[in-house]
Amino acid sequence: MTVGKDVSALFPDVVNCMQTDNLELKKLVYLYLMNYAKSQPDMAIMAVNTFVKDCEDPNPLIRALAVRTMGCIRVDKITEYLCEPLRKCLKDEDPYVRKTAAVCVAKLHDINAQLVEDQGFLDTLKDLISDSNPMVVANAVAALSEIAESHPSSNLLDLNPQSINKLLTALNECTEWGQIFILDCLANYTPKDDREAQSICERVTPRLSHANSAVVLSAVKVLMKFMEMLSKDLDYYGTLLKKLAPPLVTLLSAEPELQYVALRNINLIVQKRPEVLKHEMKVFFVKYNDPIYVKLEKLDIMIRLASQANIAQVLAELKEYATEVDVDFVRKAVRAIGRCAIKVEQSAERCVSTLLDLIQTKVNYVVQEAIVVIKDIFRKYPNKYESVIATLCENLDSLDEPEARAAMIWIVGEYAERIDNADELLESFLEGFHDESTQVQLQLLTAIVKLFLKKPTETQELVQQVLSLATQDSDNPDLRDRGYIYWRLLSTDPVAAKEVVLAEKPLISEETDLIEPTLLDELICYIGTLASVYHKPPSAFVEGGRGVVHKSLPPRTASSESTESPETAPAGAPPGEQLDAVPTQGDLLGDLLNLDLGPPVSGPPLAASAVQMGAVDLLGGGLDSLMGDEPEGIGAPSFVAPPAAAVPANLGAPMGSGLSDLFDLTSGVGTLSGSYVAPKARLRSGFGHTEASLSRAAPAVGHPEAGTPGRPGRVLLLIPRLTWSSPGGPGRCGPSESPLQVWLPAMKAKGLEISGTFTRQAGTISMDLQLTNKALQVMTDFAIQFNRNSFGLAPAAPLQVHAPLSPTQTVEISLPLSTAGSVMKTEPLNSLQVAVKNNIDVFYFSTLYPLHILFVEDGKMDRQMFLATWKDIPNENEAQFQIRDCPLNAEAVSSRLQSSNIFTVARRNVEGQDMLYQSLKLTNGIWVLAELRIQPGNPSFTLSLKCRAPEVSQHVYQAYETILKN
């Protein structure tokens, strides 16, 4: 059996050997049973009597062996026979038997959850938390945690100060794995105040000196989480920071695989609290025999810890690394030098000097990486280090990597006025235009347009050539679209083109690869798990039916609130100065800033939007000059518009012409079909540096503004003004039925607290908000904006706060919502990311809206249509759920659901069971069909859902639970 041979034919003979008194033989028989019981379920029943008998054996080892084997035999037929022996073992006098039985409950729950609940095993398991033996406590906690993971909504581990005290007492005496279970359980507890948090931290701190690295990381997780509640002014806070560093440093002396796990966790800790390891830079210096994955991770942490105090030491190390033989490591080391320059301003000159020394080595990949990072240094410190451009141009011919070529082209285009032969350099790249990567082509197009705007008389032919290549000879839609935008912009209004293309660029942020703060807080709660190694939440890589609970750090208490944190004020920034930042690719809220902040546009958005959005001329000259027939010259020959026939017909299609398939997993984001999303140009606006779309860059063929043979086509640039209010206010939609939730605590929004809920009344969806000013200054100029979401939710009117919000004042607002916004599938489907702006700052938060606000009033399906649709939807799309603890009868259920637009199509009684057949329809046209089975007198209902988009079923089930139980 253990060497892979099938010996299931011997099952009856082996079962006969179960009666033996020989413990070793009995272990082997039980091992055989575990392996083959699933393939021989009928014969496995023969073993039940022996299990029952062995559970009463005087030898505790045999009792424990029997109960362990019972839990491992995953055969439904025999589980009910095992309940009585398991109940006895849970109350056994021997702790070894009790701890084994505790784990068996979790295994049995995985096989038949209903049976475990009916038999009362969960209550017995909770009682074991108070057991006198620490190992029994640890196993009971482990079993309850396992069960709670599969049932996130249940409150099995009802932790309170008394139970926490028992767990902390057991922590000192149980085995290392028991300690891990208890520490992980403690991490899920939220203390009631900072004193309790400090008390728990004091009792957990000794675990930091444990020999097992898993215990150390679990202890670090608890401390990192509870430190959030401690005031930074406390002496104990500083003591705790000092105690955290040595165990983390010790982990780096283990074997490479453990080092890597430790480094990935340290990376998170350093991002959250860099002060923990700020004096431990040397332990992250790379050793010659470190594997490459350890080297790269150490390099990353070195940059995060770099400061003015240690930058000289770090740069000396990095310069040494840049001469290594490992190409990947050298590349990362060169990039690290550039990141140091961007992070620590005082070191920038030394970093640039180091990079120039490396360029002189003429090692191809070193030179290319150096050019890429020097481009970033130019972006951070404009007009400071441009003297090195001549050295960079000497290496032009050796560049063969797309990123390096694109960086060099950007430098030439950006500083064309300082490079005498800029046109020749760019023309040399243009010769092999079609062989270049898209990245290089896009950069070359922009660089030549910049060159033309700076030297119009000398480069008209060059710019005509690149625009022709980009628009007529290219198959790449991004390149074509950018080409058309530039062509129309230059041919219509060169002054406006100059203002757009040569606009002052925002400074790049010093840390563009930091994990988004909300995600970082969640990952801190998963220290010591796979999530902390992947740097992704469990929901991103755990598949299956189990619900994944999103964890977050506890809120700071009032005494521990501080005005500045490492995330908001990076080292080297003067107090109060807001650094410009380019959102990173992983930033969930980054593209909130790419959207307009005015009220949504309804109807044809092109002509009306100039009025509705309050379009303001940020380019100079007023809207009239943008729409004038004749372009204003800048001393350059007039431009010829691109031929109308060459413009794709769908470019002028209005946005919002219909929702695309929301659940089309192959398309990635839900961009509306038949619509044109224009490329973006960096422009300044009242919201910091945002990306304002160049709307309607190329009109549709046949449109009045499309180019005609006798007249160049015009482009209307709608640069949205940030419109904070309008004469009409949102109408109230009545009081909210659900209690207000705090969406944005005051401590995270500089004194602004936002609570709210969602309602649907008379076909109108509303977001009922309560804004409270807990700051010491008046708040004005409120505006709100949503990120793209699964169902296109967007404000239907501006956020109206009619009077300034004084300190301690609270105002209630009902914001009407529409479902005509941009669509992008989110995870989970009902998540909504919101940006709120006032005169102080812009604040972000994320919330979940109940799906039943999207159930429309015309969701009742005809009986025949219901039957046909139910049969037509594949069976694999059917999902079944249990609704527990609902004492309503069928009439009350039907009435309550109908009030929330879930309509009963038919009802019948089958063998005493009431069967309700129901339909509902979402705002995006998705139908969901339901069958609800109600047994009179039984508070548990069975809900079966069928839908062509099965992703919504889980959320519809949650809506049923909310409606029936509230």
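Rules behind the numbers
- Residues numbered from 1 in each chain as written.
- Predicted model: local features only at pLDDT ≥ 70, side-chain atom pairs only at ≥ 80, totals over all residues.
- Heavy atoms only, no water.
- UniProt positions renumbered as here; feature names shortened; annotations may be inferred.
- Helix = DSSP H or I, 4+ residues; strand = E, 2+ residues; numbered from the N terminus.
- Buried < 20%, exposed > 50% of the residue type's maximum accessible area, 1.4 Å probe, protein only.
- Contact = heavy atoms within 4.5 Å.
- Areas by Shrake-Rupley, 256 points an atom, 1.4 Å probe, with all protein chains shown as cover.
- Core = buried A, V, L, I, M, F, W, Y, C linked by side-chain atoms within 4.5 Å.
- Expected span 1.5 Å × (residues − 1).
- Polar contact = N/O pair within 3.5 Å; in protein donor to acceptor, adjacent residues only side chain to side chain.
- Pairing = 2+ DSSP bridges.
- Axes fitted to C-alpha atoms, helices over the stretch in contact; angles between N-to-C directions.
- Patch = residues over 30% accessible without salt bridge, like charges linked within 9 Å, V, L, I, M, F, W, Y side chains within 5 Å.
- Salt bridge = Lys/Arg side-chain N within 4 Å of Asp/Glu carboxyl O.
- pLDDT = per-residue confidence, 0-100.
- Parallel < 35°, antiparallel > 145°, perpendicular 65-115°, else oblique.
- Left-handed = near helix turned anticlockwise from the far one by under 90°.
- Lys, Arg positive; Asp, Glu negative; His and termini not counted.
- Charge placed at Lys NZ, Arg CZ, Asp CG, Glu CD.
- Nonpolar A, V, L, I, M, F, W, Y, C, P; charged D, E, K, R; others polar.
- Phe/Tyr/Trp six-rings, centres within 6.5 Å; stacked < 30°, edge-to-face > 60°.
- Lys NZ or Arg CZ within 6 Å of the ring centre and 35° of its normal.

The chain appears in an unreviewed UniProt entry as AP complex subunit beta from Bos indicus x Bos taurus. In its Subcellular location (unreviewed entry) section, the UniProt entry covering the chain states "Endomembrane system". Comment text from UniProt for the chain, heading Sequence similarities (unreviewed entry), reads "Belongs to the adaptor complexes large subunit family."

### What to know about the overall build of the chain
Scanning the chain from N- to C-terminus turns up 36 helices and 15 strands. The buried share of the chain, reckoned over its 966 residues, is 52%. For the chain, contacts bridging at least 24 residues in sequence account for 68% of all contacts bridging at least 6. Surface summary for the chain: the accessible area is close to 43200 Å², and the carbon and sulfur share equals 51%.

### Some words on the nonpolar core
If you look at the biggest cluster of nonpolar residues, it comprises 201 residues, and the most contacted ones within it are Phe-51, Leu-86, Leu-318 and Phe-378. Discounting residues that sit within four places of it in the chain, Phe-51 has contacts with Met-18, Tyr-30, Leu-33, Ala-66, Thr-69, Met-70, Ile-73 and Leu-82. Core analysis: the next-biggest nonpolar cluster, separate from the first, contains 61 residues, Ile-754, Ile-765, Leu-793 and Leu-851 among them.

### Here we look at helix 5 (residues 60-72)
If you check helix 5, its first and last C-alpha atoms are 18 Å apart, about what 13 residues at 1.5 Å a residue would give, namely 18 Å. For helix 5, the full list of buried residues reads Ile-62, Arg-63, Ala-64, Leu-65, Ala-66, Val-67, Thr-69, Met-70 and Gly-71. Contacts from the buried residues of helix 5 go to helix 2 (23-36), helix 4 (48-54), helix 7 (83-90) and helix 8 (95-111). Capping the start of helix 5, Asn-59 holds a side-chain oxygen 2.9 Å from the backbone nitrogen of Leu-61, two or three residues further along.

### Quick word on the sheet that holds strand 10 (residues 842-848)
If you trace the three strands from one edge of the open sheet to the other, you get 6-9-10, paired in antiparallel fashion. Edge positions in the sheet fall to strand 6 (783-786) and strand 10, since each has one partner strand and no second. Across this sheet, the average inter-strand angle for adjacent strands is 25°, counted without regard to direction. As paired strands, strand 6 and strand 9 (residues 831-837) are joined by four bridges and run antiparallel to one another. Along strand 9, the bridge assignment pairs Ala-783 with Lys-837.

### Quick notes on the pairing of strand 8 (residues 810-818)
As paired strands, strand 5 (residues 764-773) and strand 8 are joined by eight bridges and run antiparallel to one another. Residue pairing for strand 8: Thr-772 is matched across the bridge by Thr-810. The pairing of strand 7 (residues 794-795) with strand 8 spans two bridges and is classified as antiparallel. The residue bridging Ala-794 from the neighbouring strand is Ser-818, located in strand 8.

### Describing a nonpolar patch on the surface
A cluster of nonpolar side chains, namely Leu-25, Leu-28, Leu-31 and Met-34, defines an oily patch on the protein surface of about 320 Å² accessible area. Secondary-structure assignment places Leu-31 in helix 2. Accessibility expressed as a relative area gives 36% for Leu-31, which makes it partly exposed.

### What to know about the confidence of the model for the chain
Mean pLDDT over the chain works out to 77, with 78% of the residues at or above the 70 mark. Per-residue pLDDT, averaged within each element of the chain, yields its smallest value for helix 33 (residues 622-627) (32) and its largest for strand 7 (94). Low pLDDT, under 50, characterises residues 558-641; the predicted model gives this stretch 165 contacts beyond four residues in sequence or across chains.

### Description of the environment of Asn-924
Within the fold, Asn-924 resides in the loop between strand 13 (913-921) and strand 14 (927-934). Put simply, Asn-924 and Ala-820 are 104 residues apart on the chain and 9.5 Å apart in space, counted from C-alpha to C-alpha. At a separation of 3.4 Å, a polar atom in the side chain of Asn-924 contacts the main-chain amide nitrogen of Ile-926.

### A look at the sheet that holds strand 14
In spatial order, the strands read 11-15-14-13-12; together these five strands make up an open sheet with antiparallel pairing. Because the sheet does not close on itself, it has two edges, and the strands there are strand 11 (878-883) and strand 12 (903-910). Across the sheet, the mean angle separating the axes of adjacent strands is 20° when strand polarity is ignored. Here six bridges tie strand 11 to strand 15 (residues 941-947), and the two strands are oriented antiparallel to one another. If you follow Ile-883 over to strand 15, its bridge partner there is Phe-941. Helix 34 (residues 863-872) rests against strand 11, strand 12, strand 13, strand 14 and strand 15 of the sheet, and its axis sits at about 95° to strand 14. Sitting on the sheet, helix 36 (residues 953-965) is in contact with strand 11, strand 13, strand 14 and strand 15, with an inclination near 25° to strand 11.

### What to know about the packing of helix 11 (residues 134-150) against helix 13 (residues 176-187)
At a minimum axis distance of 8 Å, the contact between helix 11 and helix 13 shows a crossing angle of 50°. Classified by the angle between their axes, helix 11 and helix 13 sit oblique to one another. Once helix 11 is placed against helix 13, the crossing between them reads as left-handed. Where helix 11 approaches helix 13, its residues Ala-138, Val-141 and Ala-142 are matched on the opposing element by Gly-178, Phe-181, Ile-182 and Cys-185.

### Considerations on the pattern of salt bridges
Tallying each qualifying case throughout the model produces 34 salt bridges. A salt bridge links Glu-228 to Arg-273, with the nearest nitrogen and oxygen atoms 2.8 Å apart. Of this pair, Glu-228 sits in the loop between helix 15 (213-227) and helix 16 (235-251) while Arg-273 sits in the loop between helix 17 (256-272) and helix 18 (292-305), and the two are 45 residues apart along the sequence. What makes Glu-228 buried here is its relative accessible area of 10%. Asp-290 is paired through a salt bridge with Lys-298; the nearest N and O atoms lie 2.9 Å apart. Grouping residues by exposure puts Asp-290 and Lys-298 together as buried. Each of Arg-331, Arg-335, Glu-369, Glu-401 and Glu-403 takes part in one network of salt bridges that share partners.

### Re a negative patch on the surface
Where like charges cluster on the molecular surface, the negative patch consists of Glu-424, Glu-427, Glu-431 and Glu-461. Examined against the element boundaries, Glu-424 turns out to sit in helix 25 (residues 422-430).

### Describing the packing of helix 15 against helix 16
Where helix 15 contacts helix 16, the two axes come as close as 11 Å, and the packing angle between them is 155°. Viewed along their axes, helix 15 and helix 16 adopt a mutual orientation that is roughly antiparallel. Classified by chirality, the crossing of helix 16 by helix 15 is left-handed. Side by side, helix 15 and helix 16 meet where Ser-213, Val-216, Leu-217, Val-220, Leu-223, Met-224 and Met-227 of the first sit next to Tyr-237, Leu-240, Leu-241, Leu-244, Pro-247, Leu-248 and Leu-251 of the second. Tallied by class, the residues present in the contact of helix 15 with helix 16 amount to 13 nonpolar, one polar and no charged.

### Thoughts on the environment of Val-952
When you line up the elements, Val-952 lands in the loop between strand 15 and helix 36. With a relative accessible area of 0%, Val-952 lands in the buried category. For the pair Val-952 and Val-928, spaced 24 residues apart in sequence, the C-alpha to C-alpha distance is 8.6 Å.

### So, the packing of aromatic side chains
The final tally for this structure, using the stated rule, is twelve aromatic pairs. Considering the side-chain rings of Tyr-534 and Phe-541, the 4.8 Å spacing of their centres and the 90° angle between planes classify their relative orientation as edge-to-face. Among the residues examined, Phe-541 registers a relative accessible area of 27% and is labelled partly exposed. An aromatic cluster of at least three residues, connected via ring pairs, comprises Trp-743, Phe-758, Phe-845 and Tyr-849. A cation sits over an aromatic face here: Lys-295 above Phe-329, 5.2 Å from the ring centre.

### Comments concerning unusual backbone geometry
Looking along the chain, the bond that leaves Glu-827 and enters Pro-828 is cis, with omega of -5°. Looking at the element boundaries, Pro-828 is found in the loop between strand 8 and strand 9. Despite not being glycine, Thr-808 has its phi angle at roughly 70°, a positive value. Structurally, Thr-808 can be placed in the loop between strand 7 and strand 8. Classification of Thr-808 as exposed rests on a relative accessible area of 72%. Even without being a glycine, Asp-885 presents a positive backbone phi close to 55°. Mapped onto the elements, Asp-885 comes out in the loop between strand 11 and helix 35 (890-898).

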